[in-house]
Amino acid sequence: MIIATTVAEVREHVQSWKMNGLSIGLVPTMGFLHEGHASLMERATRECDRVVVSIFVNPIQFGPTEDLESYPRDFESDSALCAEKGVALVFHPEATEMYAPDFCTYVDMDRVTKTLCGASRPTHFRGVCTVVSKLINITKPDRSYFGQKDAQQLAVVRRMVRDLDMDVEIIGCPIVRETDGLAKSSRNTYLRPEERIAALVLSRALGAGRQMVAEGGRDSNEILSVMRSVIDTEPLARIDYVEIVDGVSMQPIESVNTGTLIAMAVYIGRTRLIDNFIVGE
Ligand code: AMP
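Since the structure is predicted, the reported quantities are computational estimates derived from the model, not experimental observations.

Quick notes on the rules
Residues numbered from 1 in each chain as written. Predicted model: local features only at pLDDT ≥ 70, side-chain atom pairs only at ≥ 80, totals over all residues. Heavy atoms only, no water. Pairing = 2+ DSSP bridges. Helix = DSSP H or I, 4+ residues; strand = E, 2+ residues; numbered from the N terminus. Axes fitted to C-alpha atoms, helices over the stretch in contact; angles between N-to-C directions. Contact = heavy atoms within 4.5 Å. 1 Å grid on protein atoms, 1.4 Å probe; cavity = no way out; pocket = protein on both sides within 12 Å on 5 of 7 lines; lining within 4 Å. Points joined across faces, edges and corners; volume = space filled by probe spheres on them. Nonpolar A, V, L, I, M, F, W, Y, C, P; charged D, E, K, R; others polar. Near = heavy atom within 4 Å. Polar contact = N/O pair within 3.5 Å; in protein donor to acceptor, adjacent residues only side chain to side chain. Areas by Shrake-Rupley, 256 points an atom, 1.4 Å probe, with all protein chains shown as cover. Phe/Tyr/Trp six-rings, centres within 6.5 Å; stacked < 30°, edge-to-face > 60°. Buried < 20%, exposed > 50% of the residue type's maximum accessible area, 1.4 Å probe, protein only. Lys NZ or Arg CZ within 6 Å of the ring centre and 35° of its normal. Salt bridge = Lys/Arg side-chain N within 4 Å of Asp/Glu carboxyl O.

**Some words on the sheet that holds strand 4 (residues 89-91)**
- Pairing is parallel in the open sheet, where 6 strands are placed in the order 1-4-3-2-5-6. Where the open sheet ends on each side, the last strands, each with one partner, are strand 1 (2-4) and strand 6 (169-173). Direction aside, the axes of adjacent strands within the sheet are offset by 25 degrees on average.
- Strand direction decides the pairing type here: strand 5 (residues 143-147) and strand 6, joined by 5 bridges, are parallel. Its bridge partner being in strand 6, serine 144 is matched across the sheet by isoleucine 170.
- Along the sheet face, helix 6 (residues 124-139) touches strand 2 (24-29), strand 3 (50-55), strand 4 and strand 5 and points at about 150 degrees away from the line of strand 2.

Listed below in structure tokens is the structure:
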């Protein structure tokens, strides 16, 4: 497995793969890899001749008061997992390799980025769109793989690729959970033992929403109020948002349908966790 830290090195390998007619899969990550990331790599290695995993804690997608400095990092264990999954190349650049001191070009998106996580993290998706564009330009993938865990990110990337005519197929992959239901996340490592237990309130609230829909509930406000009341029973939890939105536009809708996204962000102590499900999936 190749470990590349510069854009030029990646380009060299990509070029020779392309010349040999090999297909390329890209899995963008911020590292501290877990089974959620592994599921993306597995799908990518099944579908593509060469898989590139990027491991880059992208500074421009963090707000000024967010956890950029403390974000967990473990490159050795990450690269071992990538090797085990058959990844061809790990791209692990420094921030200075990605962002020149006079960097000033950003990919910005309206509407889809303004709700949910975008409402509480106003510059987040500008950072995501910019880095994903750069990674696509650097690795020229046939397909790129994203987790449904970050449902809005997936919707934003799909829209960006469509709006900007990027020649790459975006593949969404299901959420991987711990056995007790907590969605796997690099940020779960922040949770103290009592917070780890409290964090189960997210999947419990989603379960309550899912059950209401399964029993024929359609009214968003009714479903949301039940879900919020489940979260309110947990003293360590503080709701950032719980929303029901159209699965493509990310705009609130009054009545749920197949494809509707039911999503939440909840602080457990100081750790902000997200989770969601799509109606009918
Ligand atoms: P991150 O390293 O958190 O930026 O995540 C990199 C990619 O892995 C994103 O596309 C995430 O949606 C995906 N991912 C993270 N956690 C999970 C999970 N539990 N299940 C599925 N995909 C995930």
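**Digging into empty space enclosed by the protein**
- Tallied over the entire structure, the rule returns 1 cavity of 30 Å³ or more.
- Estimated volume of the largest cavity: approximately 30 Å³.
- Around the largest cavity sit Lys149, Leu182, Ala183, Ser185, Asn188, Leu202, Leu273 and Ile274, which together line it.
- Tallied by class, residues from the lining of the largest cavity come to 5 nonpolar, 2 polar and 1 charged.

**Comments concerning the site of the ligand**
- Near the ligand you find 17 residues, and of these His37, Gly147, Asp150, Val176 and Lys184 are the closest.
- In the environment of the ligand, an oxygen atom lies 2.9 Å from a nitrogen or oxygen atom belonging to the backbone of glycine 147.
- Within the contact set of the ligand, an oxygen atom lies 2.6 Å away from a side-chain nitrogen or oxygen of aspartate 150.
- In the complex, 93% of the free accessible area of the ligand, which totals 480 Å², lies under the protein chains.
- Put simply, the parts of the chain that give the shell around the ligand at least two residues each are strand 2, helix 2 (35-47) and strand 5.
- For the shell around the ligand, the class distribution of residues is 8 nonpolar, 6 polar and 3 charged.

**Description of the packing of aromatic side chains**
- Counted under the stated rule, the structure contains 4 aromatic pairs.
- Relative to phenylalanine 103, the ring of tyrosine 99 has its centre 4.8 Å away and its plane inclined at 85 degrees; by these criteria the two rings are edge-to-face.
- For tyrosine 99, a relative accessible area of 10% puts it in the buried group.
- Residue classification places phenylalanine 103 among the partly exposed residues on the basis of a relative accessible area of 23%.
- Centre to centre, the rings of phenylalanine 103 and tyrosine 106 are 5.5 Å apart; their planes meet at 85 degrees, and the pair counts as edge-to-face.
- Here arginine 126 stacks its cationic end above the ring of tyrosine 106, 3.7 Å away from the centre of that ring.
- Positioned above the aromatic ring of tyrosine 267 is the side chain of arginine 238, whose terminal nitrogen or guanidinium carbon lies 4.4 Å from the ring centre.

**Points about the pattern of salt bridges**
- On inspection of all chains with the given rule, the structure shows 13 salt bridges.
- A salt bridge links aspartate 275 to arginine 177; the nearest nitrogen and oxygen atoms lie 2.8 Å apart. With aspartate 275 in strand 9 (residues 271-278) and arginine 177 in the loop between strand 6 and helix 8 (193-198), this residue pair connects regions lying 98 residues apart in the sequence.
- You can call aspartate 275 buried: its relative accessible area is 3%.
- Among the salt bridges present, the one from arginine 196 reaches aspartate 180, with a minimum N-O distance of 2.9 Å. With a gap of 16 residues between them, arginine 196 in helix 8 and aspartate 180 in the loop between strand 6 and helix 8 connect regions that are remote in the sequence.
- Using a relative accessible area of 24% as the deciding quantity, one classes arginine 196 as partly exposed.

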